[in-house]
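Per-entry structural report
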Amino acid sequence: MSNETYSFQTRLLHNNHKYDELTGAVSVPIQHASTFHQKSVEEFGPYDYGRSGNPTREALEETIASLEGGSHGFAYSSGMAAISLSFMILSQGDHVVLTKDVYGGTFRFVTQVLTRLGIEHTFVDMTNLEEVAANIQENTKVLYVETPSNPTLKITNIQAISKLAKQHNCLTFVDNTFMTPALQRPLELGADVVLHSATKFIGGHSDVIAGLAVVNDDELASQFKFLQNSFGAVLGVQDAWIVLRGLKTLHIRMEHSSKAADVLAKWLNEVPEVKNVYYSGLPTHPGYQLQAEQATGHGAVFSFELEDYEAVKRFVEYVKIPVFAVSLGAVESILSYPATMSHGSMPKDEREKRGISDGLLRISVGLEKVDDLIADFDQAFAKLRQKEQV
Ligand SMILES: *Cc1c(COP(=O)(O)O)cnc(C)c1O
C-alpha cells in the first residue's frame, strides 16, 4: 500500500495505515486491550501485553519512522519521556556534548538527573564546529542538537555535526520538534536519533502530550525497544490516535504557519519598539543560508525582543489573538514568555548567557490569517506607544 515515490504531503495520508486491513476502516482502530489471548503454550501471536506492543501505538510508530526516513519509531507518554529515555542508552562514566540553548526540560534532566547517575555533560555553542570538536572527550557518546534552537533560533549544521560525531564514535541526537519531518529530516543528514515533542506541531492542536523517537539502525532500535518496555512510559492508545490524526494535516499546517511567521517576523523587524527579531527566515540572520540548505522552510516559531519586562507585561496585556501560554506548534497562535515559561527551570544567569532576556517573547504562529495577527500586534504597539507618552 505504501508508495515511497509519493511526495511527503501525500504520504501523510496514503501510507501503510491508509485503512485497516480487517475492516477497511479509514481511521486507525483504537485497540484498548491490555493483554492478548495466545493460541497455545507454544504459539504466540504478534502481541502479548499492551506495554510491550499495541497495534494503535505501532501504527503511529511506523508512520513517524517512515516520515522521518528511519527504520523504527517509538511513541512515549511525552516529549521528555522520549528525550530522557534516549539518554538512557548511556552508562555511568559517559559524557554528552549538548547545545547551550537546549529546551528547558532537557537542561533540567541532563543537569539534575544524568549527573546523579554519573553521566557528565558539556554545554557548547553547537553552531561553532570548532568549539564542539574541542569539547569532545574520550568518553563522549552523544552530540545533542536542537535546531533551530529555542528560543533564539540558532541554526546548527546537522550534517557537519553528524560527521564530527562519526569521526569520534559518537551518536548524534536531534530534537526536531520545531521543524517536524515536513521541513527537516535529520536522519537523511546523517543523524542517528530524531526526537519529538509530538505535543507541538505533530499533534498540532494543543490537545495531547506525546513524544516520539526515530532511529535508522537495527541495533539502536533494539536498545530503544528494550528501554521503552523497561521504563514503561509508553503513549496511551487514545493519545496515539490523536497524534495520528494530527499528522494528516501536518504539511498544510506547517506550510501555512511558516509563511505567516515569515510575514509577521519581517513586519516586526520594522517596528521601532522591537529591539531584535530572532528568525532564520530573515536574510540578516546568521543561519539563513544554512537553514535554506538543510531544511525546506524556516518554521512557524520565532522570538522578538522588547525593551524590558515592563514592555513585555503591557504588550501581553494589549494583544488579543494569540493565547498567552507555554507550548507552541498549534492551530492557534501561542505567545509565550521564555524567561518564566519554557526556561523557567533555568537559573537567571544561565538564561541571560543564552540571550533569553527579560524582554524576550516567543510566538508560535497558528492558522489565523496573518493580516489579523499584524493588525492585532499593531494595535498593541500603538497602545504601548500611547502609554509611553503619558
Ligand atoms: C515541548 C518540548 C519538549 C518537551 O516535550 P513534552 O511533550 O512537553 O514533554 C522538548 N523539546 C522541545 C524543543 C520542546 O518544545
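Residues numbered from 1 in each chain as written. Predicted model: local features only at pLDDT ≥ 70, side-chain atom pairs only at ≥ 80, totals over all residues. Heavy atoms only, no water.

Details of the overall build of the protein
A count of helices and strands for the protein gives 14 helices and 12 strands. Over its C-alpha atoms the protein spans a radius of gyration of 21 Å, differing by no more than 12% from the 21 Å that the globule rule assigns to 390 residues. Based on the C-alpha atoms only, the size of the protein along its principal axes is roughly 85 × 50 × 35 Å. Taken over 390 residues, the protein has a buried fraction of 54%. Taking all contacts inside the protein whose residues are at least 6 apart in sequence as the whole, residues at least 24 apart take part in 71%. As displayed, the protein offers around 17000 Å² of accessible surface, 51% of which is attributable to carbon and sulfur atoms. Charge separation in the protein, taken as the distance between the mean sites of 33 positive and 47 negative side-chain charges, equals 4 Å. (Helix = DSSP H or I, 4+ residues; strand = E, 2+ residues; numbered from the N terminus. Rg over C-alpha atoms; globule rule 2.2 N^0.38 Å. Buried < 20%, exposed > 50% of the residue type's maximum accessible area, 1.4 Å probe, protein only. Contact = heavy atoms within 4.5 Å. Areas by Shrake-Rupley, 256 points an atom, 1.4 Å probe, with all protein chains shown as cover. Lys, Arg positive; Asp, Glu negative; His and termini not counted. Charge placed at Lys NZ, Arg CZ, Asp CG, Glu CD.)

Regarding the nonpolar core
Generally speaking, nonpolar side chains in soluble globular proteins are found buried as a group. Leu60, Val243 and Leu250 are the most contacted members of the largest nonpolar core, which has 33 residues in total. For this core, the secondary structure elements donating two or more residues are α2 (55–68), α7 (180–183), β7 (211–215), α9 (237–248) and α10 (250–268). Each of two domains, domain 1 (8–247) and domain 2 (250–389), supplies a minimum of three residues to this core. Other than its neighbours up to four places away in sequence, Leu60 contacts Ala75, Leu212, Leu235, Ala240, Val243, Leu244 and Leu247. Residues Val316, Leu335, Tyr337 and Phe377 belong to the second largest nonpolar core, which totals 32 residues. (Core = buried A, V, L, I, M, F, W, Y, C linked by side-chain atoms within 4.5 Å. Domains from an automatic or database assignment.)

As for the layout of surface pockets
When its volume is computed, the largest pocket comes out at roughly 410 Å³. Lining the largest pocket we find 22 residues, and of these His17, Asp20, Pro29, Tyr47 and Pro55 sit closest to its centre. The residue inventory of the lining of the largest pocket, partitioned by class, reads 12 nonpolar, five polar and five charged. Roughly 280 Å³ of internal volume is contained in the second largest pocket. Looking at the second largest pocket, it is lined by 19 residues, and the ones nearest its centre are Gly79, Tyr103, Ser197, Thr199 and Lys200. Per-element accounting of the lining of the second largest pocket gives the leading share, three residues, to helix α3 (residues 79–87). Taken together, the residues that form the lining of the second largest pocket break down as seven nonpolar, eight polar and four charged. (1 Å grid on protein atoms, 1.4 Å probe; cavity = no way out; pocket = protein on both sides within 12 Å on 5 of 7 lines; lining within 4 Å. Points joined across faces, edges and corners; volume = space filled by probe spheres on them. Nonpolar A, V, L, I, M, F, W, Y, C, P; charged D, E, K, R; others polar.)

What about the pairing of strand β12 (residues 360–364)?
Taken residue by residue, a regular strand's side chains alternate between the two faces of the sheet. For β12, a buried count of five out of five residues is recorded, marking the element as mostly surrounded by other parts of the structure. By the alternation rule, side chains of β12 split into Leu360, Arg362 and Ser364 and Leu361 and Ile363, which are all buried. Two strands pair when backbone bridges link them, and strand β9 (residues 301–305) and β12 are joined in this way by five bridges, in the antiparallel orientation. Paired with Ser303 across the bridge in β12 is Arg362. For strand β11 (residues 334–336) and β12, the ladder comprises three bridges, and the chain directions are antiparallel. In the strand pairing of β12, Ser336 is matched with Arg362. (Pairing = 2+ DSSP bridges.)

Here's the deal with the pattern of salt bridges
The tally for this structure, following the rule as stated, stands at 11 salt bridges. Residue Lys348 is joined to Glu352 by a salt bridge in which the shortest nitrogen-to-oxygen separation is 3.3 Å. Taken together, the residues Lys348 and Glu352, both in helix α13 (residues 348–353) and four residues apart, mark about one turn of the helix. The class of Lys348 is partly exposed, set by a relative accessible area of 43%. (Salt bridge = Lys/Arg side-chain N within 4 Å of Asp/Glu carboxyl O.)

So, the domain arrangement of the protein
Along its sequence, the protein is organised into domain 1 (8–247) and domain 2 (250–389). A separation of 27 Å is found between the C-alpha centroids of domain 1 and domain 2. On the side of domain 2, 41 residues touch domain 1, which itself brings 38 residues to the contact. Taken together, both faces of the contact between domain 1 and domain 2 bury some 3200 Å²; the carbon and sulfur share is 63%. Here domain 1 is connected to domain 2 by zero salt bridges. Counting every contact that joins domain 1 to domain 2 gives 16 residue pairs in polar contact (both at pLDDT 80 or more). When contributions to the side of domain 1 that touches domain 2 are tallied by element, the ones reaching two or more residues are α1 (8–11), α4 (104–112), α6 (158–167), α7 and α9. Of all the elements, α7 adds the most residues to the side of domain 1 that touches domain 2, at four residues. (Buried area = accessible area lost by both parts, 1.4 Å probe. Polar contact = N/O pair within 3.5 Å; in protein donor to acceptor, adjacent residues only side chain to side chain.)

Overview of α10
For α10, built from 19 residues, the straight-helix expectation of 27 Å at 1.5 Å per residue is met to within 8% by its first-to-last C-alpha distance of 26 Å. Turning to α10, its buried residues number three or more, namely Leu250, His251, Arg253, Met254, Ser257, Ser258, Ala260, Ala261, Leu264, Ala265 and Leu268. (Expected span 1.5 Å × (residues − 1).)

What to know about the site of the ligand
As a structural note, the neighbourhood of the ligand is formed by 14 residues, with Met80, Asp175, Ser197, Thr199 and Lys200 the closest of them. Thr199 is positioned with one of its side-chain polar atoms (N or O) 2.7 Å from an oxygen atom of the ligand. The side chain of Lys200 places a nitrogen or oxygen atom 2.7 Å from an oxygen atom of the ligand. Bound to the protein, the ligand loses 92% of the 380 Å² it would expose on its own. The pocket occupied by the ligand, as judged from atoms lying within 2 Å of grid points, is the second largest pocket. In terms of residue count, the dominant contributor to the shell around the ligand is α3 (three residues). Residue composition of the shell around the ligand, by class: six nonpolar, five polar and three charged. (Near = heavy atom within 4 Å. Sits in = over half its atoms within 2 Å of the grid points.)

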